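Secondary and tertiary structure notes
Here's the letter readout for the chains.
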Amino acid sequence: MNATIEELLNNQIKFEAQASIQYLAMASWADAEGYNGVAEFFYNQSEEERTHMTKLVKFVNERSGKVIVPALDAPKPAYNGLNELFEKFLESEEFVTQQINHIIFECLQHKDYNVHNFMQWYVSEQLEEEAVARTLLDKLNIIGGDKSGHYLFDRDILTIAASHEDE
Ligand code: OFO
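Note that this is a predicted model, so its numbers are computed, not measured. (Residues numbered from 1 in each chain as written. Predicted model: local features only at pLDDT ≥ 70, side-chain atom pairs only at ≥ 80, totals over all residues. Heavy atoms only, no water.)

**A closer look at the packing of helix α3 (residues 82-109) against helix α4 (residues 113-143)**
Between α3 and α4, whose axes approach to 9 Å, the crossing angle comes to 160°. In terms of orientation, α3 lies roughly antiparallel with respect to α4. Between α3 and α4 lies a crossing of left-handed hand. Split by residue class, the contact of α3 with α4 holds 19 nonpolar, six polar and six charged. (Axes fitted to C-alpha atoms, helices over the stretch in contact; angles between N-to-C directions. Helix = DSSP H or I, 4+ residues; strand = E, 2+ residues; numbered from the N terminus. Parallel < 35°, antiparallel > 145°, perpendicular 65-115°, else oblique. Left-handed = near helix turned anticlockwise from the far one by under 90°. Nonpolar A, V, L, I, M, F, W, Y, C, P; charged D, E, K, R; others polar.)

Right, dumping it as structure tokens:
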């Protein structure tokens, strides 16, 4: 495996792992604040990111690359409210998308069509996750500081996210 691509894939393993623990911290914060639906949403997101990480670990090993299981930064533990929580969620997804686009670019530079092909799954996954994050943040922006709006958002979040994924 090309050394640059190998390094980028290892970086990506870290970004997916970092997203996984960040979303776990978000889930835990929401749980403690009494937002059970939001907590469930982020517990699920955290699991998903973990599978994205493992998929990369397995792929690098299959291609006889060297996997470096990374040390992670401490996740942000607390938020001012649901708006900040979902702003950070969208930021995190946008960051991951940029990194994936960078890998795709480098794959083309190095003519590594195998990794390029493998990464297409991540491209569609990011498209979907960014869309869900934007939809949820748009709804929160409409709700503003309204407490009963937050109650309904928390009650409906899993349905909203699921209906988005079916589109
Ligand atoms: Fe790994 O899917 Fe988002 O970040």
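On we go from here.
**A closer look at helix α2 (residues 36-62)**
Here α2 is 27 residues long and its end C-alpha atoms lie 39 Å apart, about the 39 Å a rise of 1.5 Å per residue gives. One or two steps after α2, the chain reaches S64, where phi turns positive at roughly 60°. (Expected span 1.5 Å × (residues − 1).)

**Thoughts on the side chain of S20**
By the element assignment, S20 lies in helix α1 (residues 3-33). What makes S20 buried here is its relative accessible area of 11%. Residue contacts for S20: discarding those within four places in its chain leaves S46, E49 and R50. (Buried < 20%, exposed > 50% of the residue type's maximum accessible area, 1.4 Å probe, protein only. Contact = heavy atoms within 4.5 Å.)

**Focus on unusual backbone geometry**
Positive phi, close to 60°, is recorded for S64, a residue that is not glycine. Along the chain, the position of S64 falls in the loop between α2 and α3. Since its relative accessible area comes to 66%, S64 is described here as exposed. Backbone geometry places K111, a non-glycine residue, at a positive phi of 50°.

**Comments concerning the environment of I103**
Tracing the backbone shows I103 in helix α3. For the pair formed by I103 and L82, sequence separation is 21 residues and the distance between their alpha carbons is 32 Å.

**Description of α4**
Compared with the 45 Å implied by 1.5 Å per residue over 31 residues, the 45 Å span of α4 between its first and last C-alpha is a close match. Where α4 bends most, the angle comes to about 30°, and this point is M119. Residue D112 occupies the N-cap position of α4, its side-chain oxygen lying 3.4 Å from the main-chain nitrogen of N114. The first or second residue beyond α4 is G144, which carries a positive phi of 65°. (Bend = angle between axes of the 7 residues up to and from the residue. Polar contact = N/O pair within 3.5 Å; in protein donor to acceptor, adjacent residues only side chain to side chain.)

**Details of the nonpolar core**
In this structure, V38, F41, F42, L85 and F86 are the most contacted members of the largest nonpolar core, which totals 26 residues. Mapped by element, the contributors of at least two residues to this core are α1, α2, α3, α4 and α5 (147-166). The element that contributes the greatest number of residues to this core is α1, accounting for six residues. Dropping the residues within four chain positions of it, F86 is found in contact with V38, F41, F42, L136, L137, L140, F153 and I157. (Core = buried A, V, L, I, M, F, W, Y, C linked by side-chain atoms within 4.5 Å.)

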